[in-house]
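Read off the chains here:
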Amino acid sequence: MPQIWMTYDELGTLCDCSSSDARLRAIHLSLDRKKSRDGATRVKLDLALTAKFFASVRESDFDLDSAIEALQATHRQMAELLTPNEVHGRRGVA
């Protein structure tokens, strides 16, 4: 099981609440908390919150997949613009 640690702001975003409400939720759920080197307090997600986090990442993958497909299509279009003579002519040019 991976450990996922979030700031109160990040937890608030995940739970759709304010950072102060996220802090109260962390206390209520007795989640592990620690102060990081950067000075921010981070909360270790429990199983339910970890599942919610992974679900949110999976939902955003759809947009990532679309972006990757668009980049690949652009690459193909750009590659089609170059003829074999242009590719060979560009070698050795600094």
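Computed from a predicted model, the values in this text were never measured in an experiment.

**Focus on the side chain of Thr50**
Inference 1: Among the structural elements, Thr50 can be located in helix α3 (residues 47-81).
Inference 2: At 2.8 Å, the side chain of Thr50 forms a polar contact with the backbone oxygen of Asp46.

**Quick word on the environment of Tyr8**
Inference 1: Topologically, Tyr8 is positioned in helix α1 (residues 8-15).
Inference 2: Judged by its relative accessible area of 14%, Tyr8 falls in the buried class.
Inference 3: With 32 residues separating them in the primary sequence, Tyr8 and Ala40 have C-alpha atoms 8.7 Å apart.
Inference 4: For Tyr8, the contacting residues outside a window of four places in its chain are Ser19, Ala22, Arg23, Ala26, Arg33, Thr41 and Val43.

**Describing the environment of Ser30**
Inference 1: With respect to the element layout, Ser30 can be found in the loop between α2 (19-28) and β2 (33-35).
Inference 2: Taking the C-alpha atoms as reference, Ser30 lies 9.5 Å from Asp46; in sequence the two are 16 residues apart.

Here is what the cut-offs are and how they apply
- Residues numbered from 1 in each chain as written.
- Predicted model: local features only at pLDDT ≥ 70, side-chain atom pairs only at ≥ 80, totals over all residues.
- Heavy atoms only, no water.
- Helix = DSSP H or I, 4+ residues; strand = E, 2+ residues; numbered from the N terminus.
- Polar contact = N/O pair within 3.5 Å; in protein donor to acceptor, adjacent residues only side chain to side chain.
- Buried < 20%, exposed > 50% of the residue type's maximum accessible area, 1.4 Å probe, protein only.
- Contact = heavy atoms within 4.5 Å.

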